[in-house]
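The lines below spell out each chain.
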Amino acid sequence: MDSKLQQARKYEEVYGDRIPDGERPLFHVVPRIGWMNDPNGFSVYKGEYHLFYQYYPYSTSWGPMHWGHVKTTDFIKWEWLPAALAPDESFDNGGCFSGSAVEMEDGRQLLMYTGVKEWQRPDGLIENRQMQCVAFGDGRDYVKYGHNPVLTDADVPEDGSVLDFRDPKIWWDDEKKMYFAVVANRTADGSGAILLFGSADALSWKRLSVLDRSRNEYGRMWECPDFFTMDGTAVLITSPQEMLSRGRAFHNGFGNIYLTGSFDQETYRFTRKAVHAIDFGLDFYAPQTLLAPDGRRIMIAWMQSWESSHDHATASKWFGMMTLPRELSLKEGRLIQKPVRELEKYRQNGVFYTDVDVQQRLQLPSVQGRCVDMTVNIHPSGGRLYDKFIIKVAKDTRFYTSIIYEPGESILTFDRGRSGLRRDIVSTREAVTRFRDGRITLRIILDRFSVEIFVNDGEQALSSTLYTDLSAEGISFEAEGVAIIDVEKYDIVMP
């Protein structure tokens, strides 16, 4: 084992276990120590679910990229494994960047990742070139292929950039007996494209098509692609950089989109039909999916934004977390996202309220906490539409975070501006919901340092981090006008 990987694993053992459990989220994936960003290698291997992630163990700021590693049997209770990759070879000395994983027919687990290498141009300037590499392992230890990289600048289209060629997502097609991979690339117009490659052995690859291009319409570089078919619809997921907002459909900066359409299995052509945002919250990037043995398509993402990535307690020894894994389905051409059903096994202390009149401000006995799964059904009283409904979470006498619904405009707003932020960062995000009759269902999942909101049984989702002091655990309800609510609330308890 190389010295850099040994060093990272030793550092994890010595310092990672010194962080008290109460200073981490209860059931979301976080690094054992140090920095985390994009999910990598979200996959099934020998009956367990594995997740790797972009990782720098030595600081809570971004650094030379390693791969961290966790596994689970139920998507809720995760086990840390030793770091899987470190930047130790000539082809990845600039970092082991994002990628994916697949179980091979011979029983090995294959990791495919972007190796970043410093390259000196003829004029003397140094560039960081990006190439695709592979490693083979047993679910714990991995050996990099001796002839890496397997995809180089020779595999980039003529109008593509060798400086922005990254984030391979690999899968095995059992019917075609082939590996496929989508890889992000920047084109001559300065915006992103997604390339599709195929291989019989995951070592020798052929470029099959350009699935789609941004053409500067949906941001610039398209990062972290994923591609799959669900119920006869092809779905292409990517995370655009430098995207401009369009009303309330998207937001400025580093965002997330999915493109739906059709895919020709013979010509490998994707025909786009529609483009939508995946998540409307403040913190959601680089999602990746797996196909579970039971047929569910499960998605996880980095629950953070790059612009707010310095907003955390200075004394903390970890930074970055993943979303709760979500079950995906399609309804009327749009993705439906629901928390994995396994979460329900960890619900205790159920509290139920029905037909509660809410005017002004109301707190309900036993409805509080920071590790909570709570569903609130809101509807008008006597057919008369209320003006606004407000739920405040992570609340004490000084701090709170608001979830605000305005039925007249059908706007749902998340606002953490009074959550105790110590930096001047974006604090609100809006989403337009489908109905304007004053009826809405909100499933709100709190896990100490985050809140995820699922609207109308998964039609929309809003994910955001929340670093309010953990002593702030109040929850209140408030209406401008009169609203009726039903509340179903559970504590999430880990054995």
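Bear in mind that the values here come from a model prediction, so they are computed numbers and not experimental data.

**Student:** Explain the sheet that holds strand 16 (residues 269–277) to me, please; I cannot follow it from the model alone.
**Tutor:** Paired through their backbone hydrogen bonds, the strands of a sheet run either parallel or antiparallel. Across the sheet, four strands lie side by side as 13-14-15-16; this open sheet has antiparallel pairing. In this open sheet, the two edge strands, each paired with only one partner strand, are strand 13 (222–230) and strand 16. When the angles between neighbouring strand axes are averaged without regard to direction, this sheet yields 25°. Looking at chain direction, strand 14 (residues 233–240) and strand 15 (residues 257–264) are connected through five bridges and run antiparallel. The residue of strand 15 that forms the bridge with Val235 is Thr260.

**Student:** Would you explain the nonpolar core in this entry?
**Tutor:** Nonpolar side chains in soluble globular proteins tend to end up buried together. Within the largest apolar cluster, 59 residues are counted, with the highest numbers of intra-cluster contacts made by Met374, Phe389, Ile391, Leu442, Ile453 and Phe477. Apart from residues lying up to four places away in sequence, Leu442 is in contact with Met374, Thr375, Val376, Ile378, Ile391, Ile403, Leu412, Ile453, Phe454 and Val455. Grouped together as the second largest cluster of nonpolar side chains are 49 residues, Leu51, Trp78, Met322 and Val340 included.

**Student:** What is the right way to look at the pattern of salt bridges in this model?
**Tutor:** When the charged atoms of two side chains with opposite charge come close together, those side chains can pair. For the structure shown, the criterion picks out 34 salt bridges. In this structure, Lys177 engages Asp174 in a salt bridge whose closest nitrogen and oxygen atoms are separated by 3.0 Å. For Asp174, a relative accessible area of 48% translates into the label partly exposed. Ionic pairing is found between Glu459 and Arg434, a salt bridge with its closest N-O pair at 2.8 Å. Of this pair, Glu459 sits in the loop between strand 29 (450–455) and strand 30 (460–465) while Arg434 sits in the loop between strand 27 (428–432) and strand 28 (440–447), and the two are 25 residues apart along the sequence.

**Student:** Help me understand the pairing of strand 21 (residues 334–339), please; the structure alone is not making it clear to me.
**Tutor:** If a strand is regular, its side chains alternate between the two faces of the sheet. In this structure, strand 20 (residues 326–331) lies alongside strand 21, joined through six bridges in antiparallel fashion. Paired with Lys331 across the two strands is Arg334, which belongs to strand 21. Counting the residues that bridge the hairpin from strand 20 to strand 21 gives two residues, and of these Glu332 lies at a positive phi of roughly 50°.

**Student:** How should I be thinking about the environment of Trp62 in this particular structure?
**Tutor:** Within the fold, Trp62 resides in the loop between strand 2 (48–56) and strand 3 (66–72). According to the relative accessible area criterion, Trp62 is partly exposed, its value standing at 43%. On a C-alpha basis, the gap between Trp62 and Ala292 in space is 31 Å, while along the polypeptide they are 230 residues apart. Leave out the neighbours within four places in its chain, and Trp62 touches Trp35, Asn37, Tyr56, Phe97 and Trp306.

**Student:** What is the right way to read the pairing of strand 5 (residues 95–103) from this model?
**Tutor:** Of all nine residues that make up strand 5, eight are buried, and the element is covered over most of its length. Two strands pair when backbone bridges link them, and strand 5 and strand 6 (residues 109–120) are joined in this way by eight bridges, in the antiparallel orientation. Bridging across to strand 6, Phe97 finds its partner in Thr114. Linkage of strand 5 to strand 6, two consecutive antiparallel strands, is achieved through a turn of five residues, within which Gly107 is found at a positive phi near 95°.

**Student:** I'm lost on unusual backbone geometry in this one. Help?
**Tutor:** Most of the time, phi is negative for any residue but glycine, and the peptide bond is trans. Put simply, Asn148 and Pro149 share a cis peptide bond, and its omega is 0°. Residue position: Pro149 is located in the loop between strand 8 (142–144) and strand 9 (160–173). Residue Phe75 is not a glycine yet carries a positive backbone phi of 70°. Here Phe75 lies in the loop between strand 3 and strand 4 (78–85).

Conventions used here
Residues numbered from 1 in each chain as written. Predicted model: local features only at pLDDT ≥ 70, side-chain atom pairs only at ≥ 80, totals over all residues. Heavy atoms only, no water. Pairing = 2+ DSSP bridges. Helix = DSSP H or I, 4+ residues; strand = E, 2+ residues; numbered from the N terminus. Axes fitted to C-alpha atoms, helices over the stretch in contact; angles between N-to-C directions. Core = buried A, V, L, I, M, F, W, Y, C linked by side-chain atoms within 4.5 Å. Buried < 20%, exposed > 50% of the residue type's maximum accessible area, 1.4 Å probe, protein only. Contact = heavy atoms within 4.5 Å. Salt bridge = Lys/Arg side-chain N within 4 Å of Asp/Glu carboxyl O.

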